[in-house]
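Report on the structure
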Amino acid sequence: MDIRNELEKRILIIDGAMGTMIQRYKLAEEDYRGERFKDWPSDLKGNNDLLSLTRPHIVKEIHKQYIEAGADIIETNTFNAQKVSLADYGMQALAYEMNLAAAKVAKEAVKESGKQAWVAGAFGPLNKTLSLSPDVNNPGFRALTFDDAVDAYYEQTKGLVDGGVDLLLVETIFDTLNAKAAIFAIKKYFRDAKKDTLPIMISGTITDASGRTLSGQTLEAFYTSIMHAKPLSIGLNCALGAKEMRPHIEELSQLASCYVSAYPNAGLPNAMGEYDEKPEDTAHFLEDWAKEGFVNIVGGCCGTTPDHIQHIAKHVKKISPRKLPETTRELAF
């Protein structure tokens, strides 16, 4: 089934938070280690991407819960599964294997569910930024080079594609230069492999009420910076709850010539860092956006659960998707 055909017909649902669901299992250090990594020299608890290798049944179970709740698109458990972020655990050499395993687990979940769903290979933003210095005393310093970022994303692309994903999702972008490295790596991989490029979804993160990314770009500047990738969709996720995200999604819906996605957090975190927004409240916000014609793909980020996704799917089910704007091609001289 062609996802573009479905996007013309209806609003698609993307899944909710993987981390929120993993927390419900209350896993201990030994759960993350499994037998294979029982003697690993550093702590592994919190390395959720590793669970695709050590506890794949948990990851699969979570995927299936989201599919059952109504998700049309599920994301692989690979948010930090590239060598730059995995260096925190000394697991850089496992990047390809993690992505391959995570993609296969997600595809198995879809098959076992008996339902139609697309698997999106998830690329996180890295834990290092290309545009900003981590040293306030040396603004010119960079903890990472562009080539290093491309290399990490290239390996991740290979693992996800070899695992059989249907889409590629570059998400939670706080630094557009990191996203450009991911886009370049994806395009380079398919060029080198002589394969047709999979559809690319891109989702940025507005960090405050000013409507800018962490690296300082306005939403329009962010969109202009990545539109050359010709993405299937452009959207926003994380950092904000639906209430706070609304004006930015409205603006993006007016800017974008492609489909628009939005998957906000379950409100803003409380004093304990937890999310209290109820599923029906999140769903009402997204229903409003759908009625206004802002969105083509909706779902949830931090704090959201299958209950949130189920309510969202129910509330937007009968609402028509945002129509793509008519665009004129520039004349070539």
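Structure first, text after, so check above.
Below is a short write-up of the structure. (Residues numbered from 1 in each chain as written. Predicted model: local features only at pLDDT ≥ 70, side-chain atom pairs only at ≥ 80, totals over all residues. Heavy atoms only, no water.)

1. Section: the nonpolar core
Membership of the largest hydrophobic core comes to 87 residues, with the highest contact counts inside it found for I202, I234, W289 and V295. Broken down by element, this core gets its largest block of residues, 8 residues, from helix 9 (residues 176-193). In this structure I234 touches I202, F222, Y223, I226, L252, A256, C258, Y259, V260 and S261, once residues within four positions along its chain are discounted. (Core = buried A, V, L, I, M, F, W, Y, C linked by side-chain atoms within 4.5 Å. Buried < 20%, exposed > 50% of the residue type's maximum accessible area, 1.4 Å probe, protein only. Helix = DSSP H or I, 4+ residues; strand = E, 2+ residues; numbered from the N terminus. Contact = heavy atoms within 4.5 Å.)

2. Some thoughts on helix 7 (residues 95-113)
For helix 7, which comprises 19 residues, the first-to-last C-alpha distance of 27 Å matches the rise-based estimate of 27 Å (1.5 Å per residue) to within 8%. Residues of helix 7 that are buried: A95, M98, N99, L100, A101, A102, A103, V105, A106, A109 and V110. Taken together, the buried residues of helix 7 touch helix 4 (51-54), helix 5 (56-69), strand 2 (73-75), helix 6 (83-86), strand 3 (118-123) and helix 8 (146-162). One or two positions beyond helix 7, positive phi appears at G114, with a value near 75°. (Expected span 1.5 Å × (residues − 1).)

3. Notes on empty space enclosed by the protein
In total, this model carries 1 cavity of 30 Å³ or more according to the counting rule given. Quantified by volume, the largest cavity comes out at close to 30 Å³. Around the largest cavity, the lining residues are G124, P125, Y153, V170, E171, I173, F174, D175, N178 and A179. Listing elements by their share of the lining of the largest cavity, those giving two or more residues are strand 4 (167-173) and helix 9. In terms of residues, the lining of the largest cavity owes the most to one element, strand 4, which gives 3 residues. (1 Å grid on protein atoms, 1.4 Å probe; cavity = no way out; pocket = protein on both sides within 12 Å on 5 of 7 lines; lining within 4 Å. Points joined across faces, edges and corners; volume = space filled by probe spheres on them.)

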